[in-house]
Amino acid sequence: MAAAEVADTQLMLGVGLIEKDTNGEVLWVWCYPSTTATLRNLLLRKCCLTDENKLLHPFVFGQYRRTWFYITTIEVPDSSILKKVTHFSIVLTAKDFNPEKYAAFTRILCRMYLKHGSPVKMMESYIAVLTKGICQSEENGSFLSKDFDARKAYLAGSIKALMLKKRIVVYHPKIEAVQEFTRTLPALVWHRQDWTILHSYVHLNADELEALQMCTGYVAGFVDLEVSNRPDLYDVFVNLAESEITIAPLAKEAMAMGKLHKEMGQLIVQSAEDPEKSESHVIQDIALKTREIFTNLAPFSEVSADGEKRVLNLEALKQKRFPPATENFLYHLAAAEQMLKI
């Protein structure tokens, strides 16, 4: 097996099973190899089977303290051998962001559990993917880990907003809408290749919020409108349901629209609306514009005292006498790229 493929298969951390029985009880019934009580409680909370509104969410994903979780939930048909179970969820935890890959694998595991009614076959398939990168089953489908390029996962979804490392909170009552929108935002700072900023499914739970607030910048998705009353959690609040964007008072100066900022916004809109352009073309356009903005920073940067990186020369920037909003934007961009002198 190639080294890259070995590394890829070692990204998975564990698999679990949650069931809802005919009495309406939701139980964590099995996992491999093991999990912590904290993570188990979090996954039970994320799993839609514990929701009082009883809406079925076929697939959700998110991140908690650098562990990604992927949950596929299905209703058990009457023909199944699982006579005392009405619904179940398969949970996968992993080190990488790749919803398409893990949605495909959890669907196969769901079909196996429906047919056999035992976690044993699921564990065998999990171990096969972990050790070989592939599991095959004629009736349940086959899964090849290397078919799911992480870069494709980064490109999936539709494109709309983001550049400075700010705390962005996105709200919509439907988790599917939240996840589809939030996953696109890191693509707009493509040069960073950083999907650790994405927390696509967060509850207003003390432990989850503490983990979130340890991050300097993030994109966080919520389905509880109460988050709008928590300005301590965001610099920018996106209410997808109402198509409204609110900027927190403390972030308004950094977010003021200058010429460069407006040009970036116009490019995103024009590029995204062009029917001839694919998602990857839109990202390429934005990446080129981002590079162009960085060339604006270049004349005002110098090699740091330790010679390890380039840092912003604030005096040189001020001497250029840009409009205040443009100077402010370039300053905050330098801060986001860790180019300020300490």
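Read on for a plain summary of the structure. (Residues numbered from 1 in each chain as written. Predicted model: local features only at pLDDT ≥ 70, side-chain atom pairs only at ≥ 80, totals over all residues. Heavy atoms only, no water.)

### Points about helix 6 (residues 175–182)
Listed as buried for helix 6 are Ile175, Val178, Gln179, Phe181 and Thr182. Looking at the buried side of helix 6, the elements it contacts are strand 3 (59–64), strand 8 (167–171), strand 9 (198–199), strand 10 (218–222) and strand 11 (236–239). (Buried < 20%, exposed > 50% of the residue type's maximum accessible area, 1.4 Å probe, protein only. Helix = DSSP H or I, 4+ residues; strand = E, 2+ residues; numbered from the N terminus. Contact = heavy atoms within 4.5 Å.)

### Details of the state of the cysteines
One pass over the structure, following the stated rule, counts 0 disulfides. With no disulfide of its own, cysteine 48 lies closest to cysteine 47 among cysteine sulfurs, the gap being 5.4 Å. Judged by its relative accessible area of 5%, cysteine 48 falls in the buried class. (Disulfide = S-S within 2.5 Å.)

### Quick look at the packing of aromatic side chains
In this structure the tally under the stated criterion is 11 aromatic pairs. Arranged with centres 6.4 Å apart and planes meeting at 10°, the rings of phenylalanine 59 and tyrosine 70 form a pair that is stacked. With phenylalanine 59 in strand 3 and tyrosine 70 in strand 4 (residues 67–75), the pair connects residues that are 11 residues apart, well separated along the chain. Look at tyrosine 70 and you get buried, because its relative accessible area is 0%. (Phe/Tyr/Trp six-rings, centres within 6.5 Å; stacked < 30°, edge-to-face > 60°.)

### A closer look at the packing of helix 3 (residues 99–116) against helix 4 (residues 119–132)
Put simply, helix 3 and helix 4 touch, their axes get as near as 8 Å, and they point 150° apart. Accordingly, the angle class assigned to the pair helix 3 and helix 4 is roughly antiparallel. For the element pair helix 3 and helix 4, the recorded crossing hand is right-handed. Judged by residue contacts, Phe105, Leu109, Met112, Tyr113 and His116 of helix 3 engage Pro119, Lys121, Met122, Ser125, Tyr126 and Val129 from helix 4. (Axes fitted to C-alpha atoms, helices over the stretch in contact; angles between N-to-C directions. Parallel < 35°, antiparallel > 145°, perpendicular 65-115°, else oblique. Left-handed = near helix turned anticlockwise from the far one by under 90°.)

### Structural notes on the pairing of strand 2 (residues 26–32)
Sheet faces and side chains relate simply in a regular strand, where the side chains alternate between the two faces. Relative to strand 2, strand 1 (residues 12–21) runs antiparallel, the two being bridged by 6 bridges. Bridge pairing in strand 2 places glycine 16 opposite cysteine 31. Linkage of strand 1 to strand 2, two consecutive antiparallel strands, is achieved through a turn of 4 residues, within which glycine 24 is found at a positive phi near 85°. (Pairing = 2+ DSSP bridges.)

### Some points on the pattern of salt bridges
Applying the stated criterion across every chain, the model contains 8 salt bridges. Put simply, lysine 46 and glutamate 208 hold a salt bridge, and the shortest N to O gap is 2.6 Å. Taken as a pair, lysine 46 in helix 2 (residues 37–46) and glutamate 208 in helix 7 (residues 206–213) lie far apart in primary sequence, 162 residues in all. Classification of lysine 46 by relative accessible area gives buried; the value is 1%. For glutamate 124, the salt bridge identified is with lysine 121, shortest N-O distance 4.0 Å. Here lysine 121 and glutamate 124 lie together in helix 4, a separation of 3 residues that amounts to about one turn. (Salt bridge = Lys/Arg side-chain N within 4 Å of Asp/Glu carboxyl O.)

### Quick word on the environment of methionine 123
By the element assignment, methionine 123 lies in helix 4. On the accessibility criterion, methionine 123 (26% relative accessible area) is partly exposed. Through-space distance from the C-alpha of methionine 123 to that of proline 33 is 9.1 Å; in sequence the pair is 90 residues apart.

### Overview of helix 2
Listed as buried for helix 2 are Leu39, Leu42, Leu43, Leu44 and Lys46. Contacts from the buried residues of helix 2 go to strand 1, strand 2, strand 3, strand 4, strand 5 (85–94) and helix 7.

### Observations regarding the nonpolar core
Of all hydrophobic cores here, the largest spans 35 residues; its most connected members are Phe88, Ile90 and Met122. Put simply, the parts of the chain that give this core at least two residues each are strand 1, strand 4, strand 5, helix 3, helix 4, strand 8 and strand 11. Looking at which element gives the most residues to this core, the answer is helix 3, with 7 residues. Listed in part, the 17 residues of the second largest apolar core include Leu43, Tyr64, Phe69 and Ile175. (Core = buried A, V, L, I, M, F, W, Y, C linked by side-chain atoms within 4.5 Å.)

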